[in-house]
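A structural walkthrough
So the chains spell out like this:
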Amino acid sequence: MFYGKRFLIVLITLVSAIVWPGCSDTVIDPFSNDGKYYTIYGFLDVLETEHTVRVIPVTRHAERIGRPSDPQADIDAQVFSTDLRTGYRREWTHSLVQLEDGSYGHIFKSQFIINPLRTYRLEVVRSDGKMATAETTVPYIPDAALFEKGPEVFSPDSTELYQDIYIPRIASPWEIQGIYLWGGGGTINRRVYVQYGRSGYRTADGGWQMRLTISEDQAVVRENIQSSIDTGDITDATLVGISALGVQLRILDQDWDPPAGVFDPEVLSVPGAFSNVINGYGRFGSIGLYIQEWNADHLSVALGYDF
């Protein structure tokens, strides 16, 4: 995918379920299609400085572009984004990009730093002044200790260790990762990230409940330690230990929360069910970041480390 963000492929796929019927229907006339001018999908990411959106004109012609010489390879559109706090407006750069399936798409890019809690408006403007617009407010949670952590639980034979974590106010976390900080030799301190995907479930009060499988995750940590041995950063004789653990997750903007918190194609394929584009189709959103870590050196020896 041209987005380069694997954890949102499913979202783009679901948005496409809304998009494609409106863009490939040969009976739609661009001048009488209920004021729908463009389909937009893309997002702003606080971890990136280059941002991308795909734009598809809503016309009577099929959207698929097989060759750069096809008539649809030209697009009558300019893309602008505005930081609504400062009023600064920038124009995005257009490229015709070959996609993973071999077809081409109209991609607009811009390089800038995203500020949490700012609202950004995207405008896709046709030469006659008609436009489709969308807004997103970049999510941010300032709390240093948001999580409500349950007790550390050992199995009866002490071979398994886990900790349940409740995450309030985040109904749809994405790309959850466990974090483990290990050190050794007095000079090495490294963070290891363990992929959890979207593990857990949404709670009735709009939070998220998950389980950190601490003992299982040590396989990834030990692999990282072994890598440091293989590269000569430490030796087999170096004493190592775990000092902290935590959780990192991506936060989708508030308007990107699907109905009932479920990414259900049956629900989301209904036109308008998941779109925030005015005078168009699709979705333009934003993604924030939340990280919380805490001391775990009291668990290190129990997990089989030296100190």
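Preceding block: the structure.
So, here is what we can say about the structure in this document. Counting from 1, residues in each chain are numbered in the order their sequence is written. Where totals are concerned, whole chains, interfaces and linings use all residues; where local detail is concerned, this predicted model gives features only for residues with pLDDT of at least 70, and gives and counts side-chain atom pairs only at 80 or more. Heavy atoms throughout the structure, all of them, feed into the side-chain values; hydrogens and water do not.

Structural notes on helix α2 (residues 214-230)
Going by this rule: Secondary structure elements follow DSSP: runs of H or I of four or more residues count as helices, runs of E of two or more count as strands, with numbering from the N terminus. The span one expects for a helix is its residue count, reduced by one, times 1.5 Å. Three exposure classes are used, based on accessible area relative to the maximum for each residue type with a 1.4 Å probe and protein chains only: buried under 20%, partly exposed in between, and exposed over 50%. Pairs of residues are marked as contacts when any of their non-hydrogen atoms sit within 4.5 Å.
The terminal C-alpha atoms of α2, which comprises 17 residues, lie 24 Å apart, in line with the 24 Å expected from a rise of 1.5 Å per residue. Along α2, the residues that are buried comprise Ile-214, Asp-217, Gln-218, Val-221, Ile-225, Ser-228 and Ile-229. Lining the buried residues of α2 we find β10 (161-167), β11 (173-184), β12 (188-197), β14 (208-212) and β15 (240-252). Following α2 by one or two positions, Gly-232 adopts a phi angle in the positive range, close to 85°.

Side note on the packing of aromatic side chains
What counts is decided by this rule: Two rings belonging to Phe, Tyr or Trp (six-membered ring only in the last case) form a pair when the distance between their centres is within 6.5 Å. Interplanar angles under 30 degrees mark stacking, angles over 60 mark edge-to-face geometry, and anything in between is tilted.
In this structure the tally under the stated criterion is four aromatic pairs. Between Phe-112 and Tyr-120, the aromatic rings sit 6.2 Å apart at their centres with planes inclined by 45°, giving tilted as the arrangement. Tyr-120 shares its class with Phe-112; the two are buried. Residues Phe-147 and Tyr-290 carry aromatic rings whose centres are separated by 5.5 Å and whose planes lie at 70° to one another, so their mutual orientation is edge-to-face.

Quick word on the sheet that holds strand β3 (residues 78-83)
Rules: Whether two strands pair depends on DSSP finding at least two bridges between them. The convention used is that axes are lines fitted to C-alpha atoms, helices contributing only their stretch in contact, and that angles between N-to-C directions extend from 0 to 180 degrees.
Judged by pairing direction, the sheet is antiparallel, and its four strands sit side by side in the order β4-β3-β7-β8 without closing on themselves. Of all strands in the sheet, those with a lone pairing partner are β4 (89-91) and β8 (131-137), marking the two edges. Neighbour-to-neighbour, the strand axes of this sheet turn through a mean angle of 20°, independent of strand direction. Where β3 meets strand β7 (residues 119-125), six bridges bridge the pair, whose relative direction is antiparallel. From the neighbouring strand, Asp-83 faces β7, where its bridge partner is Tyr-120.

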